[in-house]
Every structure is written in structure tokens, then in C-alpha cells.
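Examination of the molecular architecture
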Amino acid sequence: MSSDLHAAPWWQQGVIYQIYPRSFQDSNADGIGDLRGIISRLDYLNDGTEKSLGVDAIWLSPCYPSPMSDFGYDISDYTDIDPLFGTLQDFHELLQEAHRRGIKVIMDLVINHTSDQHPWFIESRASKASDKRDWYIWHAGNKGKPPNNWFAGFELKSAWWRDETTQEFYLATFTRHQPEVNWRNAQLKEAMFAVIRFWLEMGVDGYRMDTVNWYLKDELWRNNPWHLQLNPPDLQRHIYDRNRPETHGLCRDIRRLLDSYSERMLVGEIFCDDARLAAEYYGKSDELHLAFNFAFLFQPWSAKHFHHKIVEWENLLPTGCWPNYTLSNHDQPRHYTRYAQGTWSEPRARVAAALLLTLRGTPFLYYGEEIGMANRHIARRELQDPMGKKLWPLLPGRDGARTPMQWDSSPHGGFSFAKPWLPLNPDYPVKNVVGQAGDAQSLFSFYRRLLWLRKKTPALLLGEYRSFATTPHDFLAYQRSYNGESVSVLLNFTRRRLRIHLPQLPTGRVLLSTHRGEGEKVDTAHMELQAYEVLLLA
Ligand code: NOJ
Ligand code: CA
């Protein structure tokens, strides 16, 4: 391997796998996934051989103590583990066991808000004179009314909640149980920075930062303009309650703190539909290492749309900054279902996987996508997600993307010996890890091949991206090049056979394909792509 390859940080070369701890593996038969469950599945993720999936890092959605009003995104103690998930000792062991396998561990950092049960908030709400009053965002309101039109998306109500004790309003823009902290208060900042240090000292490799563009709010409390938007759904332009320019200063401070440790990384959620806004959080390579690019979560199945989003992102990123891509996460319907089309659903999932894993940038996988887990319809009586409950039947909520991992065909899918907290997808007896791991033609085997091929192919890890736009746009063709070596990627987004004429691409041999044998010669000037064919040529 070349020295550049060694110089590139792990989070540029690695594939990051998101685990929703409640749903990955239960170890003590209470129907809820936990840390010991995750430890028992680390070999599945990467045991150093090509039998395992081959991911390089895991991101754990929150597992801190929490009343679980928003399933852990409401934290009541930042420096411990919720008993549902285990103990701090279990976490130590998870970290050790992951590191022993070369798997990095990223924690979820939820520092825009705490739980209303956090001792800081309990103290803050106790009296206007409390030392911690100013640690949260309080407002006297206007003649008994909230100070402005800011909105709580999970409650469909004002984001200002009047508190009995002092008759003032606190701000909470998710559920009412997630009061937002005041980052302009120096003591709060110090306390949060101590939290960030706590896990870094323990050895975690970085953070996925929740709702970064929420951190600071308008000091004049101005109204947001109303604006109806469907995908993603929203009612306002968030000029004043989010996306404040001051947030960048805070990101730089957090980055400096991270940089005082070696090889740690920050990936931040900038929830918005504007890639430009997300790109700004890379700063001058002095803010987040990665700002999530959520474009693919909201993409129709179309080579043209994907092409535009990739080119837009490549062009927006400041020089020296590294892209990233995500197809699914715990907040959106799984992409297998978003792109489902009868018997073509799985071929589409292969095209999507090949795209995610061959673009220039860090891929984020969501647990279960490697076996094609589908979004499950959740009946109203089974809903758990606070947003799902509130918005039913208008919007489906997020439970459908959080169902238990489908390990095998035994009762409860090998996830638990007890009834799981959310029902499994009924397809688990036929769609599960055990069934697919033993089948060389399965989607899981395809992911596994792609992941291991990536690892040994510098052009796929770090290569430049050059696209060959096509008209009509029904397939994608691009090349990744590194140190004089190139890999060409061709992806047919249709069920039609396509006659291809791309003399710009060199004739090559098959590295990996859904339809052809490895090593087969392909002439890119005159060839046909089969329905939903994935073709990687070297
Ligand atoms: C974004 C997280 O991804 C989501 O799950 C959570 O509900 C909100 N932030 C609030 O923390
Ligand atoms: Ca458990």
C-alpha cells in the first residue's frame, strides 16, 4: 500500500455501521437489545476474515441513562450507561472487544437538549434564582403567550412550554421532555465539554453529533417565516431557531477539543434539505470532519437524480474536505422499501449498495440493510416512537425502520428469547443473516464482497471521482482513480438492457459484477448492461 493510504485517517477509508442498540441483539431476554448483545455480534461485523461483513466502525445510537421519551435522545446522565443496555463495565468491554477486532466505536452526542429528568434541568426549573437557571433557554413570554412561533415538530405545538413553578417558558423543539440547553452560558459549555472529554478519555473514537444546526438560537427570538414543505415535511423556514451563524464558532471549539486527542472524528447531523448548509459545517477543515449528507434519504429512484446530488456535493465541499453518503438511518423509512418494486426490489438494493460503497466518501450503513431489511408497517397499538404516536395517521413515524435485527428463522429471529419491544418484520423467517450468509448469491454476500473489495482497492478507498454523464440518464458511469490505477463503475438503474457506448472508459476486466464472472474482459465502447446490472471494472 502507498504511504498516502496509511496517511489517510481511518474515517476516510472506513465504512461506518449504525447500530440502534435497542434493536440489534438482546442478551438477557427482556426483549430489548443491549451492549452485551452487541459484543456477541462483533464477529459478525468484522472478525478479520471475509466471512464477516467487514465494517470498520460502529456508531451507537444513544445508550446513556434516559427516561426514553425519545428512546435515548433524551439523556438524563451523560456519563453512564442506561441499565436497560448494561453497565459502564459492559461498555468498557465493548470498546475493548471492538478495538481488538480493529473496529472503531463512535458514540452519539446529544448536546442540544437533555432530558427533563436530567439533574441540571431539575435544578434549572426549580427557581429563577437557580445557579443553573441560565443553563437552559427560559423566556418570560409575552402576556402569557410564547415569545414566538417556533414549533415542536414531534408535538405539533409551540416549542415553548410553560413551567408551573416559575411561570416561565422553556424551549423544547422535539418532545416537551427534551429541554434545550443554552450554549451561550459558559458553565454549561464547560460541563458539556467535560462530557465530551469523559468518553474520549475512555477511548471512544469519535462522535455522531445530534442536530448540530440547532445548537444556537437567535438572540432576538424572532419568528420563523411559515413555509409548507412535504419532503422532508416541515412548516417553517428555520432561520431563527436553527442554522445560526454563531454555531460555527462552537463547532470549531469542539473540533479543537477533539484534535487534542489522536485520530478521533466528528460526524454531525445537519438536518436540512440544503446541501450547501450542511457543507458549511466542514468549515475550513476546522469544524466537523464530516457533515452528514442526507440527500440520498430523499432521492427518487433515478440515475439522473443521484447523479445531480453527487455532483452537487462534490462541488460544494471545500477543498480538502471528505464527502459521505447514507441511504438509511433510524429516522427515515429504510431504502429497501423506499425503492421497492416487486421482484426488482432486491436488484435495486444491489445497485444502491454498489453506489454507496464505490462513491468517493465515507459510507454509512444502517443495521440490517446488508440483508435487505424492509420497513415494517407498525399498527397503531404497537407504536413506540413519540413522533409516530403524535403524527399518526398523517405520517408513519420511525418505528418501521427500527424493528429488531433479523438474525435467523427461530422465534423472535434470533434477536431475543422474549417478545421484542417492536415486532419483527414478518419476512424474517426467509430473510435473515444465517440464511444469507450461507448463500453466495445473497444480498448479504454481495455487501460482504463489496466491503472486502473496497478494503484492498486504493482507487475505491481514496480515488478521485470522475463521472461520465449519460443521456438519457438511465445508468451511472464513473471512475475512481488513485496513483495511476482506476476502477470504472457502471450501474444500470432500469430493468431494461442498455446498449452502452463509452469509449472514454478504458476496456477492462471484471472486478465485481451482478451478472459476469470475475476477470472477464469488457469492452466499454460496445457492450450491453443487463437489467439492474452492477459492474466494476479494473
Ligand atoms: C435527531 C435524531 O436522529 C432523532 O432520532 C432524535 O429524535 C432527534 N434528533 C432529537 O434528538
Ligand atoms: Ca436486553
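This write-up is about the structure you can find in this document.

Calculation notes
- Residues numbered from 1 in each chain as written.
- Chains lettered and ligands numbered in written order.
- Predicted model: local features only at pLDDT ≥ 70, side-chain atom pairs only at ≥ 80, totals over all residues.
- Heavy atoms only, no water.
- Salt bridge = Lys/Arg side-chain N within 4 Å of Asp/Glu carboxyl O.
- Helix = DSSP H or I, 4+ residues; strand = E, 2+ residues; numbered from the N terminus.
- Buried < 20%, exposed > 50% of the residue type's maximum accessible area, 1.4 Å probe, protein only.
- Donors = N, O, S within 2.8 Å, 3.2 Å for Na, K, Ca; no water.
- Pairing = 2+ DSSP bridges.

Observations regarding the pattern of salt bridges
Taken as a whole and assessed by the stated rule, the structure comprises 39 salt bridges. One salt bridge in this structure joins Lys128 and Glu168, with 3.9 Å as the shortest N-O distance. Highlighted residues: Lys128 in the loop between helix 6 (119–126) and strand 4 (138–139) and Glu168 in the loop between strand 7 (160–162) and strand 8 (169–171), separated in sequence by 40 residues. Looking at Lys128, the relative accessible area reads 52%, which means it is exposed. Among the ionic pairs, Arg222 bridges to Asp218, the shortest N-O distance being 3.0 Å. Because the salt bridges share partners, they merge into one network encompassing Arg184, Asp218, Glu219, Arg222, Arg244 and Glu246.

Overview of the coordination of the calcium ion (ligand 2)
Within the protein, the calcium ion (ligand 2) binds to Asp26 (OD), Asn28 (OD1), Asp30 (OD), Ile32 (O) and Asp34 (OD); these donor distances fall in the range 2.3 to 2.4 Å. We note that the donor set of the calcium ion (ligand 2) lies within a single chain, spaced as D-x1-N-x1-D-x1-I-x1-D. Asp30 sits in the partly exposed class, given a relative accessible area of 33%. Looking at Ile32, the relative accessible area reads 11%, which means it is buried.

Quick look at the sheet that holds strand 4
The sheet built from three strands is open, its strands ordered 4-8-7 with antiparallel pairing. Edge positions in the sheet fall to strand 4 and strand 7, since each has one partner strand and no second. Across three bridges, the pairing between strand 7 and strand 8 is antiparallel. If you follow Trp161 over to strand 8, its bridge partner there is Tyr170.

Focus: the pairing of strand 11 (residues 233–236)
Sheet topology note: the strand 10 (residues 226–230)/strand 11 ladder contains three bridges and is antiparallel. Note that in strand 11 the partner of Gln229 across the bridge is Asp234. Where strand 10 hands over to strand 11, the hairpin turn is made up of two residues, counted between the paired strands.

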